[in-house]
Amino acid sequence: MTLPTIAALERAGLEAWPGIEVEWDGAWVRRATNGYTKRANSLQCFDPQDGHGADMRLDRAIAWFAARNLPPVIRTTPLESPALTEALEARQWRSIDASHVYAMTLGSHAPDPQARVLDVLDPEFLAAQQSLQGQDAMQAKKLRALLAAMKVPAAGIVVLRERTPVASGLMAIADGIVVAGNVITDPAYRRQGMAGAMIQTGLAWALDNGARVAALNVQADNEGAKALYAGLGYRHQYSYLYRVPGEAP
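What counts, and where the lines are drawn
Counting restarts for each chain: residues are numbered from 1 in the order of the written sequence. At least 70 in pLDDT is required for a residue's local features to be given in this predicted model, at least 80 for side-chain atom pairs to be given and counted, and no such filter applies to totals for whole chains, interfaces and linings, which use all residues. Just so you know, side-chain values use all the structure's heavy atoms and leave hydrogens and water out. The pairing criterion for strands is at least two bridges between them, as found by DSSP. Comment: elements are numbered from the N terminus, with helices defined as DSSP H or I runs of at least four residues and strands as E runs of at least two. Note on geometry: axes are C-alpha line fits, over the in-contact stretch for helices, and angles between N-to-C directions span 0 to 180 degrees. In what follows, a contact means two residues having at least one pair of non-hydrogen atoms within 4.5 Å. Here's how the labels work: a residue is buried when its accessible area is under 20% of the maximum for its type, exposed when over 50%, partly exposed in between, all with a 1.4 Å probe on protein chains only. Distance and chemistry together define a polar contact, namely a pair of N or O atoms within 3.5 Å, with one atom able to donate a hydrogen and the other to accept it when in protein, and with adjacent residues in sequence counting only for side-chain atoms on both sides. Multiplying 1.5 Å by the residue count of a helix minus one yields the expected span of that helix. Throughout, the arc means that of the directions going from the helix axis to the C-beta atoms.

Asker: Explain the sheet that holds strand S1 (residues 21-25) here, please?
Answerer: Through backbone hydrogen bonds, the strands of a sheet pair up, either in parallel or in antiparallel fashion. Taken in spatial order, the 11 strands line up as S1-S2-S3-S4-S11-S5-S10-S9-S8-S7-S6 in an open sheet, and their pairing is mixed. A single partner strand is all that each edge strand has here, and the edge strands are S1 and strand S6 (115-118). When the angles between neighbouring strand axes are averaged without regard to direction, this sheet yields 25°. Relative to strand S7 (residues 154-161), S6 runs antiparallel, the two sharing four bridges. For Arg 116, the partnering residue across the bridge sits in S7 and is Val 158. Packing against the sheet, helix H6 (residues 194-208) makes contact with strand S5 (94-105), S6, S7, strand S8 (164-174), strand S9 (177-185) and strand S10 (213-219), and its axis sits at approximately 35° to S8.

Here it is as structure tokens:
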């Protein structure tokens, strides 16, 4: 099976990790989600050919984010218009958080016997995320608001050991692609297969619910996570980064 194009993977990512406010300007999309994660609070271009009026449209996006008390962030993928890239370079915006998109065709995946597959708004999943992510009450509220905006099939996965959450993550299916997010493991249980058990459980759920391809994002400097995902069968598809105002240090 041929894996989806970059555009298809990015479109699935939009649905799987939604913005609460979403506004399109041609093929440029602005998203705002109360500041929870850069991805859900950024500008992104989906068509390399859509570069007309780049400076003016960038100014418009900056004002849009400012009106929502958010810093301007650009998510730069291979789909970005060269005109937008040139505008960012001219303003000396710096690059941060280089990341990769990994994907694979779904096969057979065995769920962990001590894992729970929950609704994304289930208090058990939200509590596991808050505890494992170390979120304060405000961050937890922002995550809940993002999850409430989801319009695609999704599940919260919690792996338990001795009735205690030790790993958790989100699985959301868009256009047959299951996208994993918010993957977290208790530090005391790292390198013991807990994240893998969580992913496998989520992939088994996704296959049963119509997904045929799996994808996720991982930071380029997270060698442990990259090794884990490669071991599960994921393969690098393309890279992206974020651009924010200010010269590189």
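Asker: It is not clear to me how the pairing of S7 should be interpreted in this structure. Could you clarify?
Answerer: The buried fraction of S7 amounts to seven of the eight residues, a majority that puts the element mostly inside the structure. Bridge count for S7 against S8 is eight bridges, and the pairing is antiparallel. Along S8, the bridge assignment pairs Arg 161 with Thr 164. Linking S7 back to S8 in an antiparallel pair, the connection comprises two residues, with Glu 162 at a positive phi of about 55°.

Asker: How do you make sense of the environment of Ser 168 when you look at a structure like this?
Answerer: Within the secondary structure, Ser 168 sits in strand S8. Residue classification places Ser 168 among the buried positions, given a relative accessible area of 0%. Along the sequence, Ser 168 and Val 183 sit 15 residues apart, while their C-alpha atoms lie 5.8 Å from each other. Among all residues touching Ser 168, those that are not within four sequence positions of it are Phe 125, Ala 128, Gln 129, Leu 132, Ile 157, Val 158, Asn 182, Val 183, Ile 184 and Met 198. At 3.0 Å, the side chain of Ser 168 forms a polar contact with the side chain of Gln 129.

Asker: I'm lost on helix H2 (residues 54-67) in this one. Help?
Answerer: Side chains of residues three or four places apart in an α-helix project in the same direction, reflecting 3.6 residues per turn. The end-to-end C-alpha distance of H2, which contains 14 residues, comes to 20 Å, matching closely the 20 Å that a straight helix rising 1.5 Å per residue would cover. The complete set of buried residues in H2 reads Ala 54, Arg 57, Leu 58, Ala 61, Trp 64 and Phe 65. Axial view of H2: buried residues confined to an arc of 115°, hence all on one face. Exposed positions of H2 whose direction lies more than 90 degrees from the buried face are Met 56 and Ala 67.

Asker: Just to check I follow, could you spell out helix H5 (residues 137-148) for this structure?
Answerer: For H5, built from 12 residues, the straight-helix expectation of 16 Å at 1.5 Å per residue is met to within 8% by its first-to-last C-alpha distance of 16 Å. On its buried side, H5 packs onto helix H4 (123-133), S8 and S9. Its side-chain oxygen 3.1 Å from the backbone nitrogen of Met 138, Asp 136 forms the N-cap of H5.

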